[in-house]
Amino acid sequence: MSAPTPADGWRRVHPVTPFVRGWAALAAVLFLGGQQVVEDLPNVGRVAGTVQGLWWQALIGLVLVALVAFGYAALAWRMTAYAVDDDAVHLRKGVLFRQQRHARLDRLQAVDIRQPLLARLFGLAELTLEVAGGSGSGVAIGFLKESDAQLLRADLLARAAGVKARRAVPPPQAAGTVPDGEQDGAVPDGEQDGAGPDGTVPLGEVPAGVAAPAPVAEEPAPVAPEQPVYEVPPGRLIVSLLRSAAVWVLVVVLVAIVTAALVTRSWGFLASALPGVVGAGGYLFQRFAGEFGFRAAISPDGIRLRHGLLETRAQTIPPGRVQAVSLTQGPFWRGPDWWRVKVNVAGYDSADGKESQNILLPVGPRDEALAALWLVLPDLGTDEPRELIDEALAGDATTDRWFTTSPRRARLLDPFTWRRNGFAVTDRALLLRSGRLLRSLVVVPHERTQSLGLQQGPWERRRGLASFSVHSTAGPVRPVAYHLDAGDAARLLDDQAVRARTARAHATPARWMEHVAEAVPQVSPEELPVPEPDGGAATLPEDAR
Amino acid sequence: MTSEPISTTGPFDPPGVTWQGVSPRLITARLVSGGITLAVPVVAGVVLAVLVSPWFWLLAAVPAAILVWVALVVPRQVRAIGYAERDDDLLIRKGILFRSLVVVPYGRMQYVDVEAGPLDRRLGIAKVQLHTASASTDANIPGLVPDEAERLRDRLTVRGEARLAGL
């Protein structure tokens, strides 16, 4: 290849990859074939005599197709390779249309390990790097052996953090709460060539499977230890889904349809309910399966999220990568005071309506929601964070201490929510509150502001109002404050531009761990899992230099 | 309905900002493209009305009315577009009925596009489009003289590099 070869050498993905990726096509072919056979079953007896001679040809045809498919898959596997060096991850793939992609590690936004159901059976995993290049810019390396994927993730995060550590001072340790090896994630590990997970094959030398581990220059980056912060029990998830708006809409529609059917005695009505039921059921199952077993933890590498029933996903969002946070509560969650926490992370695009990557907490009581918020923003920049957040979540203009809300003349435009719509500013973040039935709070750290906007329509102008918005990266969180007093909005726009600028200049992501350790003091280090897949590879002499 | 430079007051006119307008040739560009789009249904309606039934005059009348409206509004809209380079950010102001103001910090710009279609090139104008990491940043300045567009692009790029800060 004419491409610049990273000194590390190219490595291949696991040979089972094409099968795991192509199983859907395989299943479709089998299904269609099976369907044909079943449909033709009545005719089989009649035409058995004539078909007898054709069986062999059909079989040969099938074998040929299988061979071609297998050959293509083998070729595709052979062409797929990845490499890691100090600055970037390289991936190349494609048989006819070759693609080679470099993802800069200093632009790393998140690392996910995804395991679809079939891959779980094989013990495989796919590693995805998000690098904030817009939709489809991520680099998916897969499939790898699960342990390899974890080692690769640790390696990537260590390298990404190493770039950072050169610029920033290592954080002072919070005594007692941080287990040993905390710094390992932030130390430039494997600065020289050659470090990497073992069990990989230098391209074009040895066939996979029988290869000796690639030589390693240094000890592979250890998997950073983590502290569990919260998890969502399945019972709560189910109850929360039953209390979600989707279910209530479904119930209302079903009752209406059944009533109609009973009154008119025409059962055709029931059939018309089917698409709705299927749709709602699919949505609920998708949410249940995606958010099942949700666990969040912190580690020096960042926030770790694990979830999924059939397809599991382990996300790592390094410190300072969350662009905006939202806390929302539907009307039926108010009783147990449950909240849902979502985040915007560059590279996680929820364009297809699925936001499972953007969930920080699917459902949890206020304390857990706050813990989730502290994960992202350990220091809210105020002396009374709890009181401020309480006001932001449940308060309105009648009790406000911090929030500036829409003026009274906005009540024609916002008859129910004008007392709730408002903003508050701390030293570190901007808080935007809205909604009465569907309560919502959006928090944007000042240094994550992209650009600012001010809009005013004719009705707003007549009443001296304006809407203020912060532009964040693509995601489910949309920070907007509607119908503020025009003067307030203009001042906010001006001040926020200055605040964002100063905050950017002073942004120090290195201070992250210290604050989270304070925020989550109840976890003792002994409970921590110690994932140390310490291969003997570290003792091998290095030859890569 | 005076059509002098529209001076907004209040939130869309931050103190100490001198706004720069865009080239009036943008009016021509917008009128031509709007006229072409709307002329097709007008002509079709007229032809059908003559050949088939007088009811098709309605089909012609609606786009014709829109055309008149566009001809009235576009000049004011174009005059309402303004931009200002401050020390650390760029302001873009638009709209009369629905006003908007966007503040784009130089350090947040990921890249800058300069676009000009065939009509724009003939008229000698270009559009500068700014891109941040946010897709919702709708920051473009249409109707710039090519020299000014290039100057702005280079200036923004230089300032952006000087202030660029991660995401």
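Look a little higher up for the structure.
Residues numbered from 1 in each chain as written. Chains lettered and ligands numbered in written order. Predicted model: local features only at pLDDT ≥ 70, side-chain atom pairs only at ≥ 80, totals over all residues. Heavy atoms only, no water.

We now examine the overall build of chain B. When helices and strands are tallied, chain B shows four helices and seven strands. N-terminal to C-terminal, the α/β element order of chain B is β-α-α-β-β-β-β-α-β-β-α. Per-residue burial over chain B gives 43% buried out of 167 residues. Counting only contacts in chain B whose residues sit at least 6 apart along the sequence, the fraction spanning at least 24 positions is 56%. Carbon together with sulfur atoms contributes 63% to the accessible area of chain B, which is approximately 8900 Å² in total. (Helix = DSSP H or I, 4+ residues; strand = E, 2+ residues; numbered from the N terminus. Buried < 20%, exposed > 50% of the residue type's maximum accessible area, 1.4 Å probe, protein only. Contact = heavy atoms within 4.5 Å. Areas by Shrake-Rupley, 256 points an atom, 1.4 Å probe, with all protein chains shown as cover.)

Below, the discussion takes up the packing of helix α8 (residues 366-376) of chain A against helix α9 (residues 385-394) of chain A. Residue and element names in this part refer to chain A. The geometry of α8 relative to α9 is characterised by a closest axis approach of 12 Å and an angle of 115° between their N-to-C directions. The angle between α8 and α9 falls in the class roughly perpendicular. Crossing hand, α8 versus α9: right-handed. Residue-level contacts link Arg-366, Asp-367, Leu-370, Leu-373 and Trp-374 of α8 to Pro-385, Arg-386, Ile-389, Asp-390, Leu-393 and Ala-394 of α9. Residues of the contact of α8 with α9, tallied by class, amount to seven nonpolar, no polar and four charged. (Axes fitted to C-alpha atoms, helices over the stretch in contact; angles between N-to-C directions. Parallel < 35°, antiparallel > 145°, perpendicular 65-115°, else oblique. Left-handed = near helix turned anticlockwise from the far one by under 90°. Nonpolar A, V, L, I, M, F, W, Y, C, P; charged D, E, K, R; others polar.)

Moving on: the interface of chain B and chain A. Contact with chain B, which involves 28 residues of that partner, is made by 28 residues of chain A. Together, the buried faces of chain B and chain A total about 2300 Å²; carbon and sulfur atoms form 53% of this surface. Where chain B packs against chain A, one counts three salt bridges. Put simply, Asp-88 of chain B and Arg-501 of chain A hold a salt bridge, and the shortest N to O gap is 3.2 Å. The tally of links from chain B across to chain A stands at eight residue pairs in polar contact (both at pLDDT 80 or more). (Buried area = accessible area lost by both parts, 1.4 Å probe. Salt bridge = Lys/Arg side-chain N within 4 Å of Asp/Glu carboxyl O. Polar contact = N/O pair within 3.5 Å; in protein donor to acceptor, adjacent residues only side chain to side chain.)

Once that is clear, we can look at the side chain of Asp-396 of chain A. Residues and elements named next belong to chain A. Inspection of the secondary structure puts Asp-396 in the loop between α9 and β15 (404-405). Residue classification places Asp-396 among the buried positions, given a relative accessible area of 13%. Separated by 2.4 Å, the side chains of Asp-396 and Thr-398 make a polar contact. Those residues in contact with Asp-396 that sit more than four places away from it in its chain are Arg-419, Arg-420, Arg-433 and Arg-436.

Turning our attention to helix α11 (residues 486-506) of chain A. Note that an α-helix has 3.6 residues per turn; residues three or four places apart therefore point the same way. All names here are of chain A. The terminal C-alpha atoms of α11 lie 30 Å apart, and with 21 residues this matches the ideal 30 Å at 1.5 Å per residue to within 8%. Buried residues of α11: Ala-486, Asp-488, Ala-489, Leu-492, Leu-493, Gln-496, Ala-497, Ala-500, Ala-503 and Arg-504, and no others. Projection of α11 onto a plane perpendicular to its axis shows the buried side chains occupying an angular sector of 165°, all on one side. Opposite the packed face of α11, turned more than 90 degrees from it, sit the exposed residues Arg-491, Ala-505 and His-506. Two or three places before Gly-487, at the start of α11, stands the capping residue Asp-485, its side-chain oxygen 3.1 Å from that residue's backbone nitrogen. (Expected span 1.5 Å × (residues − 1). Arc of directions from axis to C-beta.)

The next subject is the pattern of salt bridges. Residues and elements named next belong to chain A. Scanning the model with the defined rule gives 33 salt bridges over all chains in all. Between Arg-366 and Asp-390 there is a salt bridge, with its nearest N and O atoms 2.9 Å apart. Of this pair, Arg-366 sits in helix α8 while Asp-390 sits in helix α9; the two residues are 24 residues apart in sequence, bridging distant segments of the chain. We classify Asp-390 as partly exposed; its relative accessible area is 25%. Residues joined by salt bridges that share partners form a network here, namely Asp-112, Arg-114, Glu-126, Glu-311 and Arg-313.

The subject of this paragraph is helix α6 (residues 245-264) of chain A. Residues and elements named next belong to chain A. If you check α6, its first and last C-alpha atoms are 28 Å apart, about what 20 residues at 1.5 Å a residue would give, namely 28 Å. Contact partners of the buried residues in α6: α5 (234-242) and α7 (268-291). Directly beyond the C-terminal end of α6, a positive phi value near 55° is found at Arg-265.

All names here are of chain A. The antiparallel open sheet is built from seven strands, whose spatial order is β7-β6-β5-β11-β10-β9-β8. This sheet does not close on itself; its edge strands, each paired only once, are β7 (139-145) and β8 (227-231). Adjacent strand axes in the sheet meet at a mean angle of 20°, parallel and antiparallel pairs treated alike. In terms of strand pairing, strand β10 (residues 302-307) meets strand β11 (residues 312-317) through five bridges, oriented antiparallel. Looking across to β11, one finds that Ile-303 is bridged to Ile-317. (Pairing = 2+ DSSP bridges.)

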